[in-house]
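Letter by letter, the chains look like this.
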There are 2 protein chains.
Amino acid sequence: MKHSYWIWYYGDYEIYHLSKLHMRREQRGAFMPSMWHLYSPYPSVFFEKKLVCEAGTLTAYAMGEAHIAIDGKRYPMGTPVAVSAGEHTVTAAVSNLNGLPALFVESDVCPSDGTWRCRLARGESLPAGCEPCFDTPDKTPDVFPFAYERKLPVSAEAREAGVLYDFGAETFGYLNLSAANPDATLGVYYGESVEEALGGEDAILFEAVCGQSEYRLRQRAFRYVYVEGADPTLNVTMDYEFLPLIRRGSFRCDNELFNRIYDVCAHTFHLNCREGFFDGIKRDRWVWSGDAYQSARINSYLFADPAIVRRTAIGLGGKDPILHHINTIADYTTLWIIGLYEHYMTYGDEEFLRLIYPTAVKYMDFCRARLNENGFLIGLDGDWIFVDWSEMDKTGAVCAEQMLLAQAYKTMAALSRLVGKDGAEYDGLYREMIGKINAFYWNEEKGAFIDSYQSGKNHVTRHANIFAVMYDIATPVQRESILTNVLKNDAITKITTPYFEGYELDVWGKVGELGEIEAMLDSYWGGMLRLGATSIWEEYDPTLSGVEHYAMYGGKFEKSLCHAWGASPIYLFGRYYLGVAPTSPAYATFDVEPHLGGLREMEGTVPTGNGEVRVKMDAHRLSVRATTPGGTLRFRNRTYPLPPNEDVVIEY
Amino acid sequence: MKHSYWIWYYGDYEIYHLSKLHMRREQRGAFMPSMWHLYSPYPSVFFEKKLVCEAGTLTAYAMGEAHIAIDGKRYPMGTPVAVSAGEHTVTAAVSNLNGLPALFVESDVCPSDGTWRCRLARGESLPAGCEPCFDTPDKTPDVFPFAYERKLPVSAEAREAGVLYDFGAETFGYLNLSAANPDATLGVYYGESVEEALGGEDAILFEAVCGQSEYRLRQRAFRYVYVEGADPTLNVTMDYEFLPLIRRGSFRCDNELFNRIYDVCAHTFHLNCREGFFDGIKRDRWVWSGDAYQSARINSYLFADPAIVRRTAIGLGGKDPILHHINTIADYTTLWIIGLYEHYMTYGDEEFLRLIYPTAVKYMDFCRARLNENGFLIGLDGDWIFVDWSEMDKTGAVCAEQMLLAQAYKTMAALSRLVGKDGAEYDGLYREMIGKINAFYWNEEKGAFIDSYQSGKNHVTRHANIFAVMYDIATPVQRESILTNVLKNDAITKITTPYFEGYELDVWGKVGELGEIEAMLDSYWGGMLRLGATSIWEEYDPTLSGVEHYAMYGGKFEKSLCHAWGASPIYLFGRYYLGVAPTSPAYATFDVEPHLGGLREMEGTVPTGNGEVRVKMDAHRLSVRATTPGGTLRFRNRTYPLPPNEDVVIEY
């Protein structure tokens, strides 16, 4: 038998698992529904494979009601069927209203795999969806392929009315209680902090159990667990549930704090890499497009796993009908589009782009139906103009949204050309938008882009100005002005989320001011670590103290203490210190432009498509080794080719 | 506690159950998928109820993950929650990817019922879906509320290698085998005819079982069951599964054949009235819009159940995205629209019309995107131009389709006005279409509408001409010409399906030529009964003989012998003999215009909204009694008011 894989309607695996995970949020014992529309797999799907073969057999299996047919003659599931030598069309139909319709064909002549085609009752056929891990009839694609590892608490401490368990660091999985007294009601309180675990019903996650001697509780995030009513004989373990990703990127330097930041960021990020890129592992456990945009950049320098980016993009893109912006947030729709091109640069992956392109057009059209009289994107019908948790003048058309819309137009022009369509209309929209952004938002007096042209307040925040530099919307003159008048100007409200801090530091990296990055790593990320963080928080305000740090959204412990958007240092170290970036898709060509910044020495690895680049540098010596061709080392205004698997060493 | 009902997103109950039933077709042991696109319920739904109340409690239950919230404070399912006296907004969220998200709230102050509202993440709120039978937490709406009755075979006859069981007439349900030898493999072959049951793998439905002493096999239709390998001790029963509808209409006359036809039609029709109107109970067991259009007319004179018409219309209408015509058939889309107004005339039901109207507009737009340069509906992208199983010149734009499109425009004009919108555009389209139909299709020489203006063949079939009279598209002069040159012209190919025979006889009824109806009842329906039919067939060709009658679609027994579209005599007797029809919605006013035709005497009942009309007539005396006001008796060019609950007697 040849190797077979479960197949399904292209995109429905991702949509199914993202819908499933968006139904798992709980808060203080009650279910929290996703605030956005969820989609189901199509319930009735057809598959087809044309082949010329020797005589053989096939046995089909399905999730749902199904038949398989050879040249139109239908057979049931689970029964071996002879296939004669010659040319055949093998088709199958699978219908399933309670899950993901999927097919598995065991055969020496026509095993099911990604070369099959799928279609609905009408419309063009697509390549069948397929993932390498679902390769036996038993490994069905309705069960997401997580890995598991049993873990024990590092300490158990008797408290007034129960026992407090500490697992040593933020983790996620199933809590197991055994040797429990069946007559006792156990109150299980989870905490990312000790205070939360001991916070009673102020904790986000808790559950009362009774009547059994063994419990396996649902997956939750925590470092601490307080079991009220537990006696010392209670046996507590947890099954860590995680995506078995391989760390392909690495970074080490002489600054031990930075090394710890890197490690804590990697741990934070890994916990949030699951069916898609999660925001935070305790509270939402949802996939938010803006958070995911930044996660995709971090992923490029740590796991370099294209599959999770695809799953995130497909799952968030959904299907008809489109009822609202992605996650209901205007900026998150445009970031979803922008991310598609960055994905292409990192991994190539043209087929994915071709398949997601129609969805991108739909969201672009959705945005274009929400422009004001000047062509600026505004919020309608409950659209959320988020940008960041920060003060901002959101009157009318908000500048940061227009920066993103411009970049989305530019991306759509590039994507259109990639899929063989004309990008000229989007090019025109982009040029027009840049002109209008300058006309309406650039304030010469402030030397900055203002938030709103409609309020008359001429208020400046960092956000639009950061995007202007990030996406090269600012001219070189405007850029200088922005750096001076906005980013280095302490009178302009500081960023408080690691989310936007990531963008701000990206700008500092881009303009080569690594000192700004190091200062922020020390004060901001270092600040959290000095408070004992074992993972990076959703927000950090150094002016708060003690348990105040854990409050957000009006709840005492509502802040997420393990939030993916805090992991941007991984990206920053790889992108601006090791200095590796693709200059053509999938690292067919790439630049290596290392900078020590304020470090004395560093070494690390950046994944480059199927290979990697290893950089080692101190004050006197730089050594670079790439395992794939196409690399160019840029150092002190000179360039050096990087032949594969050779050390290029520069001493100075 | 007040009376509570399960509630769901409006329309999703119907869509869920129609998708489910469209996944149940099997053919010779293999699953047969629906050839049209199926839809799922929306996986994430929100509910709301505003109320002012005394202090009370509520306990909520859900199908799916859910919370209920009072003024924004969330509570889990299954837990009693106090509701204080005063004004409250109660909301709930239910998410379910594996079924129908639904909510049940037990409460003395805010029980869940049809006064609640439902909505998605965006978009307007609708009244929550609700059916009276789902009124306890245990009676969940994922289980369709069928009734069951145990039945025994009327005979068991040993054959060569097994036993043949006869249940006396066509039936549907679960076959039970008990006291079976667990070592024996039993081959269970179902037949609507003896020949089919004994036809081995030519039968449509069969199954082999082994290893148990008791079996309960899946629901199937049959009259006969042949159990190969059965010994005489095998105990065989069946559980008849049916919708508990009440026969409100009746008809009896001096012609015993007609009485038997009425009874067999009623039996045939009842078997096919389930989640929606089925085509036939053995083979497809699907809901086809054209078949359902005629079923709705039959239903008006037998069960007068508006709920099954609504379920059929909502389930077939589906939701976004619309990929093709309803059932993929162009004529079935227009008949779906046309049926909405006929439903309104029979039952009133304005709220349903308001809720289905947006879907009707979508299908109308779908049709209008498939017009040729002359504005005629044509087949594109695999659209099926069905009309009937009959020879017809289907070159280019087919006349019968334009007749239906015209009537659909007229219907949309009326529906638009009903829901408070302007119908003028549809009025214009209707007038224009009538003009064009006459210009392109009326052939003066033939005195008839031709099938195609593009082929140059000027071929005439009955179909378009029947619709022209049915829908008053033909002028009085054209009508006379059609009756003479087409319908009474033996050179024009005869109708062979009861489907179109129903339309043809509707025309004869409409023009008062009841002799034509009686002749056809005798030869066509009577022909089947004389061949031993216990239910009406999908098609009947008197020129065939013996087992030839059971063949269709290239299969020996593929013809359905219990097909709903054969039950039109029920409609014809009620509509043209008893002569009862609404003249305003829901029988607020109605006409009773009885005709004996060639009968000597008749009596019967027609449901009229909440009441009924009873008619008894012979050659000398007519007696009519209506239980509701608004009736007018029309007899021999005179009119008589029908006061409720009074016998109006005319002797002559």
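Rules behind the numbers
- Residues numbered from 1 in each chain as written.
- Chains lettered and ligands numbered in written order.
- Predicted model: local features only at pLDDT ≥ 70, side-chain atom pairs only at ≥ 80, totals over all residues.
- Heavy atoms only, no water.
- Buried < 20%, exposed > 50% of the residue type's maximum accessible area, 1.4 Å probe, protein only.
- Helix = DSSP H or I, 4+ residues; strand = E, 2+ residues; numbered from the N terminus.
- Pairing = 2+ DSSP bridges.
- Axes fitted to C-alpha atoms, helices over the stretch in contact; angles between N-to-C directions.
- Parallel < 35°, antiparallel > 145°, perpendicular 65-115°, else oblique.
- Left-handed = near helix turned anticlockwise from the far one by under 90°.
- Contact = heavy atoms within 4.5 Å.
- Core = buried A, V, L, I, M, F, W, Y, C linked by side-chain atoms within 4.5 Å.
- Buried area = accessible area lost by both parts, 1.4 Å probe.
- Salt bridge = Lys/Arg side-chain N within 4 Å of Asp/Glu carboxyl O.
- Polar contact = N/O pair within 3.5 Å; in protein donor to acceptor, adjacent residues only side chain to side chain.
- Nonpolar A, V, L, I, M, F, W, Y, C, P; charged D, E, K, R; others polar.
- pLDDT = per-residue confidence, 0-100.
- Least-squares fit on C-alpha atoms with pLDDT ≥ 70 in both.

A closer look at the pairing of strand 30 (residues 631-635) of chain B
Residues and elements named next belong to chain B. Only one face of strand 30 is covered, namely the one carrying Gly631, Leu633 and Phe635; the face carrying Thr632 and Arg634 has none of its residues buried. Direction of pairing for strand 26 (residues 590-592) relative to strand 30: parallel, over a ladder of three bridges. For Val592, the partnering residue across the bridge sits in strand 30 and is Leu633. Hairpin connection from strand 30 to strand 31 (residues 638-642): two residues lie between these consecutive antiparallel strands, with Arg636 at a positive phi of about 50°.

As for the packing of helix 5 (residues 306-317) of chain A against helix 6 (residues 330-347) of chain A
Residue and element names in this part refer to chain A. Between helix 5 and helix 6, the shortest axis-to-axis distance is 11 Å and the interhelical angle comes to 155°. With respect to their mutual orientation, helix 5 and helix 6 come out roughly antiparallel. With respect to the hand of their crossing, helix 5 and helix 6 are arranged in left-handed fashion. On helix 6, the residues that touch Pro306, Val309, Arg310, Ala313, Leu316 and Gly317 of helix 5 are Trp336, Leu340, His343 and Tyr347.

Structural notes on the side chain of Thr328(B)
The topology assignment puts Thr328(B) in the loop between helix 5 (306-317) and helix 6 (330-347). Note on Thr328(B): relative accessible area 3%, which makes it buried. Beyond its immediate stretch of four places on either side in the chain, Thr328(B) contacts Arg122(A), Met35(B), Trp36(B), Asp383(B) and Trp384(B).

Comments concerning the nonpolar core
One finds Phe47(B), Trp116(B), Leu175(B) and Trp336(B) to be the most contacted residues of the largest nonpolar core, which totals 228 residues. No other element matches the 11 residues that helix 8 (residues 399-418) of chain B contributes to this core. Counting 225 residues, the second largest nonpolar core, distinct from the first, contains Val105(A), Tyr293(A), Tyr571(A) and Val606(A).

With respect to the interface of chain B and chain A
Between chain B and chain A, the contact holds 44 residues from the first and 44 residues from the second. For the chain B and chain A pair, buried surface summed over both sides reaches about 3600 Å², with 64% attributable to carbon and sulfur atoms. Three residues, Phe31(B), Leu97(B) and Arg122(B), lead the burial of chain B against chain A; their summed loss comes to 21% of the area buried on that side. At the junction of chain B and chain A, the tally comes to zero salt bridges. Inspection of the region where chain B meets chain A yields six residue pairs in polar contact (both at pLDDT 80 or more). Elements with a contribution of two residues or more to the side of chain B that touches chain A: helix 1 (12-21), strand 3 (30-31), strand 4 (44-53), strand 6 (65-70), strand 7 (73-75) and strand 9 (86-95) of chain B. Residue composition of the side of chain B that touches chain A, grouped by class: 23 nonpolar, 15 polar and six charged.

A look at the sheet that holds strand 30 (residues 631-635) of chain A
Residue and element names in this part refer to chain A. Taken in spatial order, the four strands make up an open sheet running 25-26-30-31, and their pairing is mixed. The two strands at the open ends of the sheet, each matched to only one other strand, are strand 25 (580-582) and strand 31 (638-642). Ignoring strand direction, the axes of neighbouring strands in this sheet form an average angle of 25°. Where strand 25 meets strand 26 (residues 590-592), three bridges bridge the pair, whose relative direction is antiparallel. Within strand 26, the position partnered with Val580 by the bridge is Val592.

Examining unusual backbone geometry
Backbone geometry follows two general trends: most residues other than glycine have a negative phi, and most peptide bonds adopt the trans configuration. Here Asp320(A) and Pro321(A) are connected by a cis peptide whose omega angle stands at -10°. Structurally, the position occupied by Pro321(A) is in the loop between helix 5 and helix 6. Positive phi outside glycine occurs at Ala304(B), with the angle close to 45°. Within the element layout of this structure, Ala304(B) appears in the loop between helix 4 (289-302) and helix 5. Positive phi outside glycine occurs at Tyr587(B), with the angle close to 60°. Structurally, Tyr587(B) can be placed in the loop between strand 25 (580-582) and strand 26.

A short note on the confidence of the model for chain A
When the pLDDT values of chain A are averaged, the result is 97; 100% of them are 70 or greater. Predicted complex, confidence summary: ipTM 0.95, pTM 0.96.

Section: the environment of Thr411(A)
All names here are of chain A. With respect to the element layout, Thr411 can be found in helix 8 (residues 399-418). Judged by its relative accessible area of 4%, Thr411 is buried. When the C-alpha atoms of Thr411 and Leu578 are compared, they prove to be 27 Å apart, with 167 residues separating the residues in sequence. Not counting the four nearest positions on each side in its chain, Thr411 is found in contact with Ile337, Ile338 and Tyr341.

Notes on the relation of the copies chain B and chain A
The transform that puts chain B on chain A rotates by 180° and translates by 0.0 Å along the axis, for an RMSD of 0.1 Å. On the angle and the small slide along the axis, the relation comes out as a two-fold axis. In terms of proximity to the rotation axis, the leading residue of chain B is Asn98(B), whose C-alpha is 2.0 Å off the axis. Mapped onto chain A, 100% of the interface residues of chain B are again interface residues, and the two copies thus contact each other with one and the same surface.

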